[in-house]
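Fold and contact review
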Amino acid sequence: WEESSLTELARVKGKELELTNARHPFADRNSLVMVGEHVTADTGTGAVHTAPGHGPEDFELGARYKVGVLNPVDTRGIFTEEAGQWAGMRFDKSNLLIVDYLMEIGKLLKHTSYSHSYPHCWRCKKPLIFRATEQWFASVDGFRKQALEAIDKVEWLPASGRNRIFAMVERRSDWCISRQRAWGVPIPVVYCNACTKPVVTTETIENVANAFSAEGSDAWWEHDADFFVGENFKCPYCKENKGFVKETDIMDVWFDSGVTHAAVLDQRADELGGTPCELYLEGSDQHRGWFQSSLLTSVAVHGRAPYKTVLTHGFVVDENGRKMSKSVGNVVDPDDVIKQYGADVLRLWVASVNYTDDIPIGKGALAQLSDVYRKLRNTARFLLGNLNDFDPSKDAVPYEQLGGLEKYILHRLQELVRDVTADFDRYEFFKYYQLLQNFCNVDLSSFYLDIAKDQLYTGGTKSLTRRGIQTVLNEALQVLVRLLVPVTPHMAEDIWQAMPEALRGNEESVLLTNFPKANPSYQKQEIADFWRDLIAVRYVVNKALEQARGSKKIGSSLEAQVGVHLDNPDLAKKLSSLGADLAPFFLTSQAEVVNAAPSQTADALAFIAENGVTVQVLQASGTKCPRCRKFNTQIGDDKRYADLCPPCAEALG
């Protein structure tokens, strides 16, 4: 037919056609005209067929108009006897045959193909067909308020998890607890052969429970219904005893996992038994699944949540943020990572990411973590290498006799222990990773160890200064090796086995030692504030030295002397208080705090003024000592060592 051949008879609104009866084109029945909000006028004609047995919107519309449910398709997708001449045929094979039949009987106006979105199975990728079937439901209405109150008594990590599950439970009225699967935990209901009503009583439930206790849930499939109701049992509705048949539906598997708090924890008599338990841990999709089914079953039975804390994580994706799939070929196999980098690097990667979001992983991320792992290991190697001659029982220096910088590092070490412990308690492992990496790279490697090298390598073997530094290095090593254990146990054990016996004590393995605790006697905030102010000055001095090094005017910072002027007199006083330790603090041969701001003279190798700090870099004075490589104007003053500076001569003497 052509549109031009049609004659318009009248125009009416869809609402005016409501409850009108139309005749089915070939079945002997009427079709009621219904008004549905899910049908829009901007797609097609605005008039569609309705199948209450094959779609949620259609089902709800049919229930509102009380038209009943026609469901002529079985569980295999085959038409039942209700489909008439197409009975026994698969639903998708009948489409063209029905079109041909409509054409044959003269009831087809037009036939075209139309592509539209449609639900597909996530596994086999084939299209799905909806079927309305009888199901068992648990009503949440009766205890929803208690469930919402229980949610607010739980610690949700991250906190957004609370809002997610709260909104889901708040909107929920029923829970469909039945599934049509071949095997599972059965729904313990029988049906009377006489009146067909479902039968579930205290007596039948006890019989089923006793059978399951003795034989397991397979007993449901191995015995007939009469076994569970008893020989003289009569239907509570019709009072007949004409036999019974078993329910074939199984429980929703989320119900199975959702009652583990009762079936597992509450059954244990030891210290690990009972609810609420400390922690439920799963992916972020489980607010709809396990977390919620556990909450609902526990609230229904006990009036409380089965857990104190719920921790959720995202999912591992590839470097481009795509879901991993074997068919795409972007899967990162943990075995391959372990073979290339070792288990510790993989574990370190896990600790480094914010697992509350989806987590990308790939060659770049693993290579970066491998570098971090190597830096941590090298820090431990440096500490070990400089503690070979140190016995804490004989050589440790009392806290009161330690230098100011050593006391600062001990303070930072306690801050590290305190913060890492807090992060572990909050399951924020990525902060642990950042803290540990920052302490090893910034506080130790590029700062304290850089300064300490001079005394460690050139100072007197048993001098108080060197022993004081070793005392701090030992404290750092003892803490670091224990902090590494939870994430990189193999590296931690390697470090432990490489430690001299005097440092290990009687413990054969680091895994047998206690996790470190912050020592309050080492925590001195005033010391921390003092050195953090000076470190800010050192940062500007380093920029000036790097400027001189970049212009090839010096090679090592020991070839320089620096003059530093500070606009802040209190800060200038702090810096001046270092005295002879000022040059070692800057890693230069000479350094002084000057009252007047220096100018950028011709002999200046570099000049910087920023943040109230003015730095002038000049060529170091004197001759280079071949032992410590510092420049000194007093080379040869000690006649025993004509080519050495006084500190080196003293160390050897």
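Scroll up a little and you will see the structure.
Quantities reported herein were computed from a predicted structural model and do not represent experimental measurements.

Put simply, L157 and P158 share a cis peptide bond, and its omega is -5°. Look at the link from T275 to P276: it is a cis peptide, with omega at 0°. Structurally, the position occupied by P276 is in the loop between α9 (260-263) and β11 (277-283). Even without being glycine, K125 reaches a positive phi, approximately 70°. Positionally, K125 belongs in the loop between α2 (95-104) and β3 (137-139). Judged by its relative accessible area of 58%, K125 falls in the exposed class. Positive phi outside glycine occurs at T196, with the angle close to 65°. By the element assignment, T196 lies in the loop between β7 (190-192) and β8 (198-199).

Attention now goes to the sheet that holds strand β9 (residues 244-246). What the three strands build is an open sheet, ordered β8-β7-β9; its pairing is antiparallel. Looking at the sheet topology across the chains shown, the edges are occupied by β8 and β9.

So, about the nonpolar core. Core analysis: the biggest nonpolar cluster contains 97 residues, and Y448, I495, V537, V564, L575, F586 and V617 have the highest contact counts within it. For this core, the element with the highest residue contribution is helix α16 (residues 429-458), accounting for twelve residues. Sequence-distant contacts of I495, that is, excluding residues within four places in its chain, are made with A380, L384, L477, V481 and L484. Core analysis: the second largest hydrophobic core is formed by 27 residues, V169, F291, L295 and A305 among them.

So, about the packing of aromatic side chains. Summed over all chains, the structure comprises 21 aromatic pairs. With centroids separated by 5.4 Å and ring planes inclined at 20°, the aromatic side chains of Y399 and Y522 adopt a geometry described as stacked. Linking Y399 in the loop between α14 (392-395) and α15 (404-425) with Y522 in the loop between α19 (501-504) and α20 (525-550), this pair joins segments that are 123 residues apart in sequence. In this structure, Y399 and Y522 share a single accessibility class: buried. Pairing Y408 with F447 gives two aromatic rings, centres 6.4 Å apart and planes at 80°, and the pair type is edge-to-face. Linking Y408 in helix α15 with F447 in helix α16, this pair joins segments that are 39 residues apart in sequence. The exposure class of Y408 is buried, given its relative accessible area of 3%.

With that settled, the discussion passes to the packing of helix α13 (residues 363-385) against α16. It is the contact of α13 with α16, at a shortest axis distance of 10 Å, that shows an interaxial angle of 35°. Seen from above, α13 lies across α16 with left-handed handedness. For the pair formed by α13 and α16, the contact residues are L369, V372, K375, L376, T379, F382 and L383 on the first element and Y433, L436, Q437, C440, N441, L444, S445, L449, K453, L456 and Y457 on the second. Of the residues that constitute the contact of α13 with α16, the class distribution is twelve nonpolar, four polar and two charged.

So, on to the sheet that holds β11. Spatially, β4-β12-β11 is the arrangement adopted by the three strands of the open sheet, whose pairing is parallel. On the outer flanks of this sheet lie β4 (155-157) and β11, each paired with one strand and no other. Neighbour-to-neighbour, the strand axes of the sheet open up by a mean angle of 15°, direction not taken into account. Packing of helix α10 (residues 290-302) onto the sheet brings it into contact with β11 and β12 (307-313), and relative to β11 it is tilted by some 145°.

Here we come to the side chain of S178. The topology assignment puts S178 in strand β6 (residues 178-179). Within the local environment of S178, its side chain forms a polar contact with the side chain of Q135, the two groups lying 2.5 Å apart. Here W136 takes part through its backbone nitrogen, which lies 2.8 Å from a polar atom of the side chain of S178. Not counting residues up to four positions away in its chain, the partners in contact with S178 are Q135, W136, I187, D249, I250 and D252.

Taken as a whole, this structure holds 30 salt bridges when the rule is applied. A salt bridge links D389 to R467; the nearest nitrogen and oxygen atoms lie 3.7 Å apart. Of this pair, D389 sits in the loop between α13 and α14 while R467 sits in helix α17 (residues 464-484); the two residues are 78 residues apart in sequence, bridging distant segments of the chain. Accessibility expressed as a relative area gives 8% for R467, which makes it buried.

Now for the environment of E406. Positionally, E406 belongs in helix α15. Overall, the relative accessible area of 11% leaves E406 in the buried class. For the pair E406 and L473, spaced 67 residues apart in the sequence, the C-alpha separation amounts to 9.2 Å. Not counting residues within four places of it along the chain, the set of residues in contact with E406 comprises Y448, G468, I469 and V472.

Where burial is concerned, most of strand β18 (residues 613-619) is hidden: six out of the seven residues are buried. In terms of strand pairing, strand β15 (residues 560-566) meets β18 through seven bridges, oriented antiparallel. Pairing of Q561 across the sheet is with L618, part of β18. A loop of two residues connects strand β17 (residues 606-610) with β18, the two strands running antiparallel in sequence, and N611 in this loop sits at a positive phi of about 50°.

What counts and what doesn't
Residues numbered from 1 in each chain as written. Predicted model: local features only at pLDDT ≥ 70, side-chain atom pairs only at ≥ 80, totals over all residues. Heavy atoms only, no water. Helix = DSSP H or I, 4+ residues; strand = E, 2+ residues; numbered from the N terminus. Buried < 20%, exposed > 50% of the residue type's maximum accessible area, 1.4 Å probe, protein only. Pairing = 2+ DSSP bridges. Core = buried A, V, L, I, M, F, W, Y, C linked by side-chain atoms within 4.5 Å. Contact = heavy atoms within 4.5 Å. Phe/Tyr/Trp six-rings, centres within 6.5 Å; stacked < 30°, edge-to-face > 60°. Axes fitted to C-alpha atoms, helices over the stretch in contact; angles between N-to-C directions. Left-handed = near helix turned anticlockwise from the far one by under 90°. Nonpolar A, V, L, I, M, F, W, Y, C, P; charged D, E, K, R; others polar. Polar contact = N/O pair within 3.5 Å; in protein donor to acceptor, adjacent residues only side chain to side chain. Salt bridge = Lys/Arg side-chain N within 4 Å of Asp/Glu carboxyl O.

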